[in-house]
Amino acid sequence: MPDHSPSDRLLQLLQTRFGYSEFRPRQAAVCQAVADGRDALVVMPTGAGKSLCYQIPGLARGGTTLVISPLVALIEDQVNRLLSRGVKAGRIHSGRGREESRETFRSYLRGELEFLFIAPERLAVPGFAEMLKQHPPSLIAVDEAHCISHWGHDFRPDYRLVGERLEGLKNTPIVALTATATPLVQKDICVQLKLRDPSLFIHGFRRENLAIQVVDALPSERADRISAVLADPERRPAIVYAPTRKKSEELARELRGLKAAAYHAGMTSADREDVSVAFLNGTSDVIVATVAFGMGIDKANVRTVVHAALPGSLESYYQEIGRGGRDGLPSQAILFHCYSDRKTHEFFLDRDHPDTAVLAKVRAAVPPTGSVLADELRGSVRGVDAEDFEKALEKLWMHGGVKIEHGEAVSLGIEGWKKPYEEQRKHRLAQLDSMQAFTESGGCRMTTLIRHFGDTEDGTRACGICDRCAPVANVRVLDELERGIVAQTLASLSGRDGQAVGRLFDEATSFDSRVTRSGFERILSALARARMIEVLQSEFEKDGKVISYRRIALLAAGKRAKAEDVAAIEIDGDSMAGARAAKVKKKLGTTRRAGDGRAPVVADPERASELPKLFEDLRAWRLAEAKKKGVPAFRVLTDRVLYAICEERPTTEDALRMVPGMGPKLVQAYGEAILGRVNGA
Ligand code: ADP
Ligand code: ZN
């Protein structure tokens, strides 16, 4: 690593103003470049310490640093932290009173502030940018900079205009910071903000304790293969990502011998609550989640992340495997896929990107001058269902085809929306291509991922633990020791069927003391795969506690197995061995069966008439919130989520978190406001 020893002055600021003794890796280099007046782009994972990367250089440069940040809550949080350290920080945003904001701005003009935080839309307020020009800040920091790019998922049109609106401040250096940006988004950020020869600091994507494996498997084999992998207790707790809700339920049922439960947005909040509590406290140790929903699961000791199908992009894949091994201990990420997985993605892609003609139809219904309320617009567009309408409107807004003001007033925007919309769709297909290419790539998996994120400095060191760096041994037939143990075990079972695994192991050790428990488990797994035995999950009660254990039942093939049959048994010598392909008939208590009579969560706008009061309350609140933020109402919460809240009427934050479409972030941002309304209703 090059020597980036920070100048004494920066270190001194770190120590005197923040009370930290030293810079974290990379911080010093960023601070130095930015303090020297270079434009910079910083992409580092959450928690890496990005804030200091503009705060220290800001203080070093003197004057005021202008910080642009997308969310009021983030601004408040940062300002409070700075104030508590005695740093002079102020903020101007829609959540504060006019007079307060004026006073803050006066302090800015008097040069009393070290940091001024604003939301991007502030730059559009008449006169604001002009005033900044009179008293230019000494540094501009753009936080959450990925919001600038419409390739990202958090795109905000106001952010896109930041570059243009900062035109008058050409001499002030800019540092853009984000935790998530692929090279495409990075480039977009640099272009949009017009960064001049920026220093790029893209670091921290390497995960040292995650061993990545990619397995080509037909959909019909996957449940068995996943069961085999997870049969090894050391590979649990585990998260299994399934591509759809239906698949997550099917898989949870099919993962035999494991306490597995489905977890997805279509389940009732009560069911999801049960499942996540059981997973967090260890009662169940496999959760089968849909990708959209795994976010709510925060557990440090997840040993394995399994993908039961190909993810849609390397970005989401990386994020999902990142939930493994947060405790730093060895963990695995195993991806099952085959060529046909792509079709499923293409289906979703079509669903999420209505035809350009649908967008055009919606846009054609917008009056040429003035505006129309989104609800009225929906009423006047024929032949487009509510869901497609919301999607089409959102896409039109994203690509500038319509403007939405005051949260719901839709007016015509630019003509050139079609091209970027169609490009975005193409981009999604390209993401799918890169995901597929990853499965086929020859080099180290971790290195491939790191390169994908544009971390060129780190990207060459092979991880040593992925399936490319450490290819797994091939399947082989049983060796002599194993054959002896199999013969002994089968004989013992034909004498007494259904014996506990522990007991059979004891017998095996007295037969040959070299056999280890994990070796024995591996043999059982090979027997189960050969359909000679079946592993049954049993329970008994002792001192009021339910203790579960496994028993082995002999199957027909096991009963009539001859020496040559035993010699032909294949054992998986790879690191996925230890596997006990368990075929268990245990009822999985926590698993929800499909069609169990529970009503699905209703997300049907037609139901609105049945939920008038709360629904209207929530809508009014949402609109106010949208106005405050300067975004369309559906960006706060979609109708679908509002219906779900009305349907489920959560009264606590935990319950709210379980409402389909609500994640931890949304609960943090809006929980109090929503619960206040539900509880008041
Ligand atoms: P990010 O914005 O990258 O998610 P933050 O800037 O919020 O991360 O920093 C994460 C945490 O690390 C904060 O609590 C911060 O105070 C702490 N931190 C950052 N840099 C240092 C440092 N050099 N020494 C000690 N703590 C640090
Ligand atoms: Zn590797």
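Everything below is about the structure shown above.
Residues numbered from 1 in each chain as written. Chains lettered and ligands numbered in written order. Predicted model: local features only at pLDDT ≥ 70, side-chain atom pairs only at ≥ 80, totals over all residues. Heavy atoms only, no water.

Draft legend 1. Structural context of the coordination of the zinc ion (ligand 2). Summarising the metal site, the zinc ion (ligand 2) is bound by the protein donors Cys444 (SG), Cys463 (SG), Cys466 (SG) and Cys469 (SG), whose distances to it range over 2.2 to 2.4 Å. Taken together, the 4 donor atoms coordinating the zinc ion (ligand 2) span angles of 102 to 121° at the metal, a pattern that classifies the geometry as tetrahedral. Within one chain, the residues serving as donors to the zinc ion (ligand 2) are arranged as C-x18-C-x2-C-x2-C. Here cysteine 463 lies in the loop between helix H19 (445–452) and strand E17 (476–477) and cysteine 444 lies in the loop between helix H18 (418–440) and H19, a separation of 19 residues in the sequence. (Donors = N, O, S within 2.8 Å, 3.2 Å for Na, K, Ca; no water. Tetrahedral: all angles 85-135°; square planar, octahedral: opposite > 155°, others 65-115°. Helix = DSSP H or I, 4+ residues; strand = E, 2+ residues; numbered from the N terminus.)

Draft legend 2. Spotlight on the environment of phenylalanine 505. Residue placement: phenylalanine 505 occurs in helix H21 (residues 501–511). According to the relative accessible area criterion, phenylalanine 505 is buried, its value standing at 13%. Expressed as a C-alpha distance, the spacing of phenylalanine 505 and glutamate 521, which sit 16 residues apart in the sequence, is 8.6 Å. Excluding anything up to four places from it in sequence, phenylalanine 505 contacts Val515, Thr516, Arg517 and Phe520. (Buried < 20%, exposed > 50% of the residue type's maximum accessible area, 1.4 Å probe, protein only. Contact = heavy atoms within 4.5 Å.)

Draft legend 3. Representation of the site of ligand 1 within the structure. In the vicinity of ligand 1, 14 residues are found, and the nearest of them are Tyr20, Gln27, Gly47, Lys50 and Ser51. At 2.8 Å from a nitrogen atom of ligand 1 is found a side-chain nitrogen or oxygen belonging to glutamine 27. For ligand 1, an oxygen atom lies 2.8 Å from a polar atom in the side chain of lysine 50. The protein chains hide 73% of the 570 Å² of surface that ligand 1 would expose on its own. Each residue belonging to the shell around ligand 1 can be placed in one class, and the counts come to 5 nonpolar, 5 polar and 4 charged. (Near = heavy atom within 4 Å. Polar contact = N/O pair within 3.5 Å; in protein donor to acceptor, adjacent residues only side chain to side chain. Areas by Shrake-Rupley, 256 points an atom, 1.4 Å probe, with all protein chains shown as cover. Nonpolar A, V, L, I, M, F, W, Y, C, P; charged D, E, K, R; others polar.)

Draft legend 4. Looking closely at the packing of aromatic side chains. One pass over the structure, following the stated rule, counts 11 aromatic pairs. Ring geometry for phenylalanine 347 against phenylalanine 348: centres 5.4 Å apart, planes inclined by 70°, an arrangement best described as edge-to-face. An aromatic cluster of at least three residues, connected via ring pairs, comprises Phe105, Tyr108 and Phe128. Note that arginine 445 overlies the ring of phenylalanine 438, its terminal NZ or CZ placed 5.6 Å from the centroid. (Phe/Tyr/Trp six-rings, centres within 6.5 Å; stacked < 30°, edge-to-face > 60°. Lys NZ or Arg CZ within 6 Å of the ring centre and 35° of its normal.)

Draft legend 5. Representation of the sheet that holds strand E4 (residues 115–118). Strand order in the open sheet formed by 7 strands is E3-E4-E2-E5-E6-E1-E7, and the pairing between neighbours is parallel. A single partner strand is all that each edge strand has here, and the edge strands are strand E3 (89–92) and strand E7 (199–202). With direction set aside, neighbouring strand axes in the sheet form an average angle of 15°. Here strand E2 (residues 65–68) runs beside E4; their pairing, made up of 4 bridges, is parallel. Paired with leucine 66 across the strands is leucine 116, a residue of E4. Across the sheet, helix H5 (residues 98–109) is in contact with E3 and E4; its angle to E3 comes to roughly 135°. (Pairing = 2+ DSSP bridges. Axes fitted to C-alpha atoms, helices over the stretch in contact; angles between N-to-C directions.)

Draft legend 6. Structural detail: the sheet that holds strand E15 (residues 402–405). Pairing is antiparallel across the open sheet formed by 3 strands, whose spatial order is E14-E16-E15. Only two strands of the sheet have a single partner each, and these edge strands are strand E14 (372–373) and E15. Alignment of E14 against strand E16 (residues 409–412), held across 2 bridges, turns out to be antiparallel. Residue pairing for E16: leucine 373 is matched across the bridge by alanine 409. Here helix H17 (residues 386–398) sits on the sheet and contacts E15 and E16; the angle it forms with E15, its principal contact strand, is near 100°.

Draft legend 7. Quick peek at the packing of helix H13 (residues 314–321) against H18. Look at H13 against H18: their axes get within 8 Å of each other, and the N-to-C directions meet at 55°. It follows that H13 is oblique to H18 by the angle criterion. In contact with Leu314, Glu315 and Tyr317 of H13, H18 contributes Gln431, Ser434, Met435 and Phe438. Grouping the amino acids of the contact of H13 with H18 by side-chain chemistry returns 4 nonpolar, 2 polar and 1 charged. (Parallel < 35°, antiparallel > 145°, perpendicular 65-115°, else oblique.)

Draft legend 8. How the structure looks around the pairing of E2. Side chains Thr65 and Val67 of E2 all project onto a buried face; the interleaved residues Leu66 and Ile68 project onto the opposite face, where all are buried too. As paired elements, E2 and strand E5 (residues 139–142) share 4 bridges and run parallel to each other. Paired with threonine 65 across the bridge in E5 is leucine 139.

Draft legend 9. Structural detail: the environment of isoleucine 287. Tracing the backbone shows isoleucine 287 in strand E11 (residues 286–290). Judged by relative accessible area, isoleucine 287 falls into the buried class, the value being 0%. For the pair isoleucine 287 and alanine 252, spaced 35 residues apart in sequence, the C-alpha separation works out to 7.7 Å.

Draft legend 10. A look at unusual backbone geometry. In this structure, proline 237 follows arginine 236 across a cis peptide bond, with omega equal to 0°. Its place among the elements puts proline 237 in the loop between helix H10 (219–230) and strand E9 (238–242). One non-glycine residue, lysine 194, lies in positive phi territory at about 55°. Judged by relative accessible area, lysine 194 falls into the partly exposed class, the value being 43%.

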